[in-house]
Amino acid sequence: MTTTAALPSNPVLRVAPAAPAEAAAYFRASLAFHADVSDVAAALAADGDPGFVVLDSRSTAAWDQGHVPGAVHLPTALVPEQAEQLLDRSVPVVTYCWGPGCNGATRAALALAELGYQVKEMLGGFEYWVREGFVFETWEGQERRAADALTAPADSEDCGC
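The paragraphs below set out a description of the structure included in this document. (Residues numbered from 1 in each chain as written. Predicted model: local features only at pLDDT ≥ 70, side-chain atom pairs only at ≥ 80, totals over all residues. Heavy atoms only, no water.)

## Focus on the overall build of the protein chain
Of regular secondary structure, the protein chain possesses six helices and seven strands. Helices and strands appear in the protein chain in the N-to-C order α-β-α-β-α-β-α-β-α-β-α-β-β. A compact globule built from 161 residues would reach a C-alpha radius of gyration of about 15 Å, whereas the protein chain, at 19 Å, exceeds it by more than 25%. In terms of its C-alpha atoms, the protein chain occupies a principal-axis envelope of roughly 75 × 40 × 30 Å. Across the 161 residues that make up the protein chain, the buried fraction comes to 33%. Working note: accessible area of the protein chain is about 10300 Å², and carbon and sulfur atoms make up 56% of it. Separation of charge centres in the protein chain, based on 9 positive and 21 negative side chains, amounts to 8 Å. (Helix = DSSP H or I, 4+ residues; strand = E, 2+ residues; numbered from the N terminus. Rg over C-alpha atoms; globule rule 2.2 N^0.38 Å. Buried < 20%, exposed > 50% of the residue type's maximum accessible area, 1.4 Å probe, protein only. Areas by Shrake-Rupley, 256 points an atom, 1.4 Å probe, with all protein chains shown as cover. Lys, Arg positive; Asp, Glu negative; His and termini not counted. Charge placed at Lys NZ, Arg CZ, Asp CG, Glu CD.)

Structure below.
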């Protein structure tokens, strides 16, 4: 008599979790490719050189609507022809675009990596920069919106992550 293990009724466990060593390798690699909005903001706010440059890969109209202070503006389509004039290959680049629903920052990061730059993508993009209550610049000057309690702690700058 052959017995077959029943599929879990829980859709989360229908595909078993990875072995711990495989999971550790995956999550370690993920951190090598991605940066969190709040970590980028904290590094930029600290005294001194953060050790990286932030790159906004959106259009000029989007840039004018708002961008991370101090970011370099380089639309994704222009990366191959303009990166060398705007970026130092020895300085890591953190790319961003609109938000989680946009892969412009991923495409920009790929183009930069193919040109020999060290690069990470800022998770959440400009949307989460604004939603977490960080200062941003527009063509009219600096702005800041109240932090969204669904994306950032209401009474602290540190989420404890």
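## Structural notes on the sheet that holds strand β2 (residues 53–56)
On the basis of which strands lie adjacent, the open sheet formed by five strands has the order β1-β5-β4-β2-β3 and parallel pairing. Two strands in the sheet have a free side with no partner beyond their single neighbour: β1 (34–36) and β3 (72–73). As defined by bridge partners, β2 adjoins β3 across two bridges and the pair is classed as parallel. Residue pairing in the sheet places D56 in a bridge with H73 of β3. Taken strand by strand, helix α2 (residues 37–45) contacts β1, β2, β4 (93–96) and β5 (119–123), and its axis lies near 75 degrees from that of β1. (Pairing = 2+ DSSP bridges. Contact = heavy atoms within 4.5 Å. Axes fitted to C-alpha atoms, helices over the stretch in contact; angles between N-to-C directions.)

Keep in mind these values describe shape, not function.
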